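# A closer look at the structure
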Amino acid sequence: MLRLYNSLSKKKEPFASLMSKNVSLYVCGITPYDTTHLGHAFTYISFDILVRVLRHNGFKVNYTQNVTDINDRDNDILKKAREQNTSWVELSDFWTGKFLQDMSSLNWLKPNNYIKASEYIGPMIILINKLLQNGLAYQKNGSVYFDISKKKDFGKLSKLTRNEMLKISKDFDENIENPDKVDPLDFTLWRAEETNQPSHIPSFESPFGRGRPGWHIECSAMAISTLGEQIDIHGGGIDLIYPHHEAEIAQSEGATLKTPFSRFWMHNAPVSYKDEKMSKSLGNLIMVSDLLKNYSPNAIRWYLLLHHYRQPFEFFDKDLKKSENDCLKIQKYINHQSSNTEIDENIFNKFINALEDDLNTPIALQIITETVKNKGSVSTLKKSLSLLGFLV
Ligand SMILES: [Zn+2]
């Protein structure tokens, strides 16, 4: 029985889908202007394992992942496009291509709905209109804001205090001093085009006036459009819990009047490097394309899966070197043995049980290592390694 840790209840729960053997999964994707670092790879490989384990359990997975090619913020893509004298469209296409190439090198299963925010403006407008009709949003000077005072359970995912929310909102570039907001924690659904707005900033027609969508409404609209009003699993990096996922819950439930928006919320731990979280703003990034010059895709995958997805870890080159050696040892063992062995059900069941216990990949890899050490069944090894997405 598959059990997953649900960030909403803060405990492991048995997993069953809403619709018999079909699972709907949404994972927040990249903002394409500087990808793919090891933190991205850890998140998306972890959800790759989730998809593989769900499939092993007989589920058909309908998986959506977005590309945040536009949003209401002033930094990131627009800033970078301006610096490089290019357009946000060209920049985002270039970095999305790089991301897909890097992840495909790691034998990543591409989500069946891999979609761009800029192509879902229509559904975003519909959702904002519903929020206005349901009395959960208000318009001011051409912008639209979500009124958090009207959603009584706002904060149920992050369980943060008001002061903590204020601090994090500020870090996420939400203008909490904007005088148009009734409450500083109200967040932007639609940002009005400014007078004399530079032409490199995207702008779209809407019933509220020209402007661009808020970051959070994008994911609500894309999840609902591709997966339905209620979904099974929503995932992303742990830093997205507040404000992004909290806002997504408030908007989706506020527009559809259906609760819960997602039954399971799964969050990935960050990767750090040189004592700090790997992030664009700190510039301490280890890029996957650089690692691929010196290490095999299997070694990188092995290294990532040595860490449970909820366990933060720090990158050290020597650990990745060790993973490369371990993968070589396994491959050597497989190459020199007859693969006509029978599956060792006892070992394979232990391996599956580890994965079904909230995707415990460190234990699953330990079982593989011990099987090699004990000169165990090659067929079992191959079956286990393939299930984890290794190329054998
Ligand atoms: Zn998102």
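In this text, all values refer to a predicted model and were calculated from it rather than measured experimentally.

What counts, and where the lines are drawn
Residues numbered from 1 in each chain as written. Predicted model: local features only at pLDDT ≥ 70, side-chain atom pairs only at ≥ 80, totals over all residues. Helix = DSSP H or I, 4+ residues; strand = E, 2+ residues; numbered from the N terminus. Rg over C-alpha atoms; globule rule 2.2 N^0.38 Å. Buried ≥ 20, exposed ≤ 12 C-beta atoms within 10 Å, placed from the backbone. Contact = placed C-beta atoms within 7 Å. Axes fitted to C-alpha atoms, helices over the stretch in contact; angles between N-to-C directions. Parallel < 35°, antiparallel > 145°, perpendicular 65-115°, else oblique. Left-handed = near helix turned anticlockwise from the far one by under 90°. Pairing = 2+ DSSP bridges. Domains from an automatic or database assignment. Nonpolar A, V, L, I, M, F, W, Y, C, P; charged D, E, K, R; others polar. Core = buried A, V, L, I, M, F, W, Y, C linked by C-beta atoms within 7 Å.

Attention now moves to the overall build of the protein. The helix and strand inventory of the protein stands at 13 helices and 14 strands. Taking 392 residues into account, the globule formula puts the C-alpha radius of gyration at 21 Å, and the protein, at 22 Å, falls close to it. Projected onto its principal axes, the C-alpha coordinates of the protein cover approximately 70 × 45 × 35 Å. Residues classed as buried in the protein amount to 43% of the 392 residues present.

One can find Ile330 in helix α10 (residues 317–335). In this structure the C-alpha to C-alpha distance between Ile330 and Lys60, which are 270 residues apart in sequence, comes to 31 Å. Sequence-distant contacts of Ile330, that is, excluding residues within four places in its chain, are made with Ile368 and Val372.

Once that is clear, we can look at the packing of helix α6 (residues 215–227) against helix α7 (residues 241–256). A pair of packed helices is captured by two measures, namely the crossing angle of their axes and the spacing between those axes. Remark: α6 packs on α7, axes separated minimally by 8 Å, with the N-to-C direction vectors making an angle of 55°. Considering the angle they form, α6 stands oblique to α7. Seen from above, α6 lies across α7 with right-handed handedness. Contacts from Trp215, His216, Ile217, Cys219, Ser220 and Ile224 of α6 reach α7 at Pro243, His244, Ala247, Glu248, Gln251 and Ser252.

Pairing is parallel in the open sheet, where 5 strands are placed in the order β5-β4-β3-β10-β11. Two strands lie at the open edges of the sheet, namely β5 (113–116) and β11 (262–268), each paired on one side alone. In this sheet, adjacent strand axes meet at a mean angle of 20° when their direction is disregarded. Pairing of strand β3 (residues 22–27) with strand β10 (residues 231–237) involves 3 bridges; the strand directions are parallel. Pairing of Tyr26 across the sheet is with His234, part of β10. This element, helix α1 (residues 38–56), spans β3, β4 (60–67), β10 and β11 of the sheet and lies at about 165° to β4. Packed onto the sheet, α6 meets β3, β4, β5 and β10 and runs at close to 150° relative to β4.

In terms of residue burial, β11 counts as a mostly covered element, since 6 of its 7 residues are buried. Pairing of β10 with β11, which is carried by 6 bridges, proceeds in the parallel orientation. Residue Gly236 lies in a different strand from β11, and its bridge partner there is His267.

Moving on: the environment of Pro184. With respect to the helices and strands, the residue Pro184 is situated in the loop between α5 (162–171) and β8 (188–192). On a C-alpha basis, the gap between Pro184 and Ile148 in space is 9.7 Å, while along the polypeptide they are 36 residues apart. Setting aside residues up to four positions removed in sequence, Pro184 forms contacts with Leu166 and Ile176.

The domain architecture assigned to the protein consists of domain 1 (16–271) and domain 2 (296–308 + 315–387). A separation of 35 Å is found between the C-alpha centroids of domain 1 and domain 2. Taken together, the contact between domain 1 and domain 2 spans 13 residues of the former and 10 residues of the latter. Ranked by residue count, the leading element in the side of domain 1 that touches domain 2 is α1, at 9 residues. Its residues assigned to classes, the side of domain 1 that touches domain 2 shows 9 nonpolar, 3 polar and 1 charged.

All right, on to the sheet that holds strand β9 (residues 211–213) then. In spatial order, the strands read β6-β7-β8-β9; together these 4 strands make up an open sheet with antiparallel pairing. For this open sheet the edge positions go to β6 (137–140) and β9, each flanked by a neighbour on one side alone. Between one strand and the next, the sheet's axes are offset by a mean angle of 20°, whatever the strand orientation. Inspection of the sheet shows β8 paired to β9 by 3 bridges, in the antiparallel sense. Within β9, the residue paired with Ala192 across the bridge is Gly211.

Attention now moves to helix α9 (residues 297–305). In an α-helix, one full turn covers 3.6 residues, which means residues spaced three or four apart are oriented alike. Within α9, 9 of the 9 residues are buried, which leaves the element mostly enclosed by the surrounding structure. Taken together, the buried residues of α9 touch α1, α3 (88–105), α8 (288–294), α10 and α12 (361–373).

Residues Ala41, Ile45, Ile128, Leu131, Ala137, Phe146 and Leu189 are the most contacted members of the largest nonpolar core, which totals 99 residues. When residues of this core are assigned to their parent elements, the largest contribution, 11 residues, is made by α1. Mapping this core onto the domain boundaries places at least three of its residues in each of domain 1 (16–271) and domain 2 (296–308 + 315–387). The residues touching Leu189, leaving out its near neighbours within four places in the chain, are Ile128, Leu131, Ala137, Val144, Tyr145, Phe146, Gly214 and Ile217.

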